[in-house]
Amino acid sequence: MRKNALLAFAIALSAVRVSGQSTATDAFHNNLMPEPSSLTANTGSLSITNGLTVSATGASSPLLDHAIVRMISRLEDRTGLQLSKQIQTAPTATLVIDVRSAGPAVQSFEEDESYSLTSTANSIKIEAATPVGALHAMETLLQLVQASGSSYVIPSVTIQDSPRFRWRGLMIDCGRHFEPIEVLKRNIDAMAAVKLNVFHWHLTEDQGFRIESKRFPKLTEKGSDGLFYTQEQARDLVAYARERGIRVVPEFEMPGHSVAWLVAYPELNSGSQPTGIRREFGVSDYVLDPTHPETYKFIDSFLTEMTTIFPDEYIHIGGDEAPAPDWKKNPRILAFMKAHDLHDNDALQAYFNTQVLGILTKLHRRMAGWDEIFNPALPKDVVIQSWRGVASLAKGAQQGYEGILSAPYYIDGMQPAGKLYLADPVPADTTLTPEQQKLILGGEVPMWAEHLDQRTIDSRIWPRTAAIAERFWSPQNVRDVDDMYRRLDVVSVELETLGLRHLTSEDAELRALAGSENIAAMRDFASAFEPVSFGERSSTQHTTQLTPLTSFVDAVRPDPPIRHQIEVAAKTFLTAPTAQDPATNDAHQLLLHFFETVGASVPRVQLVMDRQPRFQPIHTRAEQLTELSVIGIDALKYLNTSTTPPAQWKEHSLAQIEAAKKPSGLVNFTFLPALTQLVNATR
Ligand code: ACM
């Protein structure tokens, strides 16, 4: 059996379609993601040869020079040509990069990130206000490279580009599960490739305190299991991100999600003391004591130290999910609330935030926090990160607060890229005034880490986050989901060349599960599944921070490309199921091949299952896959031959599909909507 027959088949079909459409291969073929705000494709192209030269003619910038060398190195990989890495200053080079100024030392969301890129048959010119714009331009340039006959070319284009939103972030929760620095670095490389510009580093949680404090060493001694970033590593990461045009906004959760602080320094608690690092997930009752002057001295000293590591204008204080039962029963806290005219926990938390804001202001830093910090007691220069949704974000903007949207981008929900892609921080039908809309700085993709470790993280983030990055960068009307998926497949492979493991990790985990290198059947089988959401997993499996993440659910990836291919194929096939034209025929073949291949994989996968106890929870799914693949094959046959199925077939099939929607094995089938459509379309 061919290795990964299914994927090879799908790729072959799409290759046929592409070459059928386009014969002049040096004509611009748009694989850009994110789409630029303005692009004109001209005729002609520039052939890349080993004589290619690059010059930087504007303001001198070591950051830019480093980026140029990295870009040339990636261009070498793409073309197989050895190129000169000597950066010239002559305006006659093949590629001329001109930045007007070296830009500010500390990047802010006010940085001018715009650029222009003009390529002709003879030369390429990039112009930008600062090196950050030039970095974006070079990512675009690399995405423009395409094959033409026996060489690689840059098609002639004129691009004027600037981001729709100024704050385009990815948050990684390193508290619940620690991620080694090299994992973060490769994710920062991926962020840069799709023009994200904020790495929000969630550094403290109930489950772990991940940043070294020299003033308060017990924070990591007692609160981290030895898994933390030294100050030197953190500074290095900040510099690494800065070189790639990415700000690092650190988050130190307070007053809730603070078990790890309290384990180290019990004197900060509100009355109840945790016995150790929290292993369970969900919201905890332990909180810092907002009434105690020592708490603020501690926070002041800690944040002062952190500003020597994190130069960004913003510090994120978390602020979410602090139910704080102690505040309702500790007599000392109740007396404080009465004396300060604070009527409830929200008022006390706003008091706390106001004190912390005073500290941040003194440190020349601004405050960011989750929805819960939104309170009229706070001045308007705090940024509210909305995990509660567009309406909550809009409410903040209506009252004059800047905000960033996160709720629809919770990628732990395992929603497909197409759905995440369409969620907009400022939807077309927004009721916000133009002035209020300006307060929406952008959005952030949060990657929470309950069921995540260094092996699985990349496939949970990528490539779906590239689609969301386009939403944050590109014009509002760029919303063609099918075209997004086409370009996403290209970007996904590009990201792998940067060292991302989102594609290889599935194979590696399947090999580990099989205990064998021979995973052809496992791969076909896996293509029928995707992981359940973190929420569903938490509610059906008792997991803690210590649970090994080596089950089938950890191997399979959300929204594998075949899911959308099946959806499109079913739609195409159903337009004319009995027709023999190439498009419906292709679609029919793809669907038939899919159902045959996944069905055929089951007996061989069951042999693996018999040998591997940790794979056995999937046995119900395997049986269901056999039934469903037969339903798929039968439905195609009835539709294609215009045959009426036997009595009860349709009801019986729909009932089986319904049963397959029920939870089992922590994985869901990828193809049930398409299969339902096929069955329903039979007579
Ligand atoms: C959050 O999801 N509690 C920020």
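Refer to the structure above for everything that follows.
Quick caveat, the model's predicted, so the values are computed rather than measured. (Residues numbered from 1 in each chain as written. Predicted model: local features only at pLDDT ≥ 70, side-chain atom pairs only at ≥ 80, totals over all residues. Heavy atoms only, no water.)

Caption draft 1: Layout of the environment of D634. In this fold, D634 is placed in helix α24 (residues 619–640). Taking relative accessible area as the criterion, D634 reaches 17% and is therefore assigned buried. Considered as a pair, D634 and L592 are 42 residues apart in the sequence and their alpha carbons are 9.5 Å apart. (Helix = DSSP H or I, 4+ residues; strand = E, 2+ residues; numbered from the N terminus. Buried < 20%, exposed > 50% of the residue type's maximum accessible area, 1.4 Å probe, protein only.)

Caption draft 2: Structural view of helix α25 (residues 649–660). The end-to-end C-alpha separation of α25 is 16 Å, in line with the 16 Å expected for 12 residues at 1.5 Å each. For α25, the full list of buried residues reads W649, S653, Q656, I657 and A660. In a view along the axis of α25, the buried residues occupy a sector of 100°, so they form one face of it. Where α25 is buried, its residues touch α24, β20 (667–669) and α26 (672–681). (Expected span 1.5 Å × (residues − 1). Arc of directions from axis to C-beta. Contact = heavy atoms within 4.5 Å.)

Caption draft 3: Spotlight on the packing of aromatic side chains. Throughout the structure, instances matching the rule amount to 33 aromatic pairs. Aromatic pair F216 and Y265: ring centres 5.7 Å apart, planes at 85°, arrangement edge-to-face. Taken together, the residues span a long stretch of sequence, with F216 in the loop between β12 (208–209) and α5 (218–223) and Y265 in the loop between α7 (259–264) and α8 (293–306) at a distance of 49 residues. As far as the burial class goes, F216 and Y265 line up, both buried. Pairing F252 with F310 gives two aromatic rings, centres 6.2 Å apart and planes at 65°, and the pair type is edge-to-face. One end of the pair, F252, is in the loop between β13 (247–251) and α7; the other, F310, is in the loop between α8 and β14 (314–316), with 58 residues separating them in the sequence. Using a relative accessible area of 0% as the deciding quantity, one classes F252 as buried. Its relative accessible area of 0% is what places F310 among the buried residues. Aromatic ring contacts, followed pair by pair, group F178, F199, W201, F209, F216, Y229, F252, W261, Y265, F298, F302 and F310 into a single cluster. Just above the ring of Y421 sits the side chain of R471; from NZ or CZ to the centre is 4.6 Å. (Phe/Tyr/Trp six-rings, centres within 6.5 Å; stacked < 30°, edge-to-face > 60°. Lys NZ or Arg CZ within 6 Å of the ring centre and 35° of its normal.)

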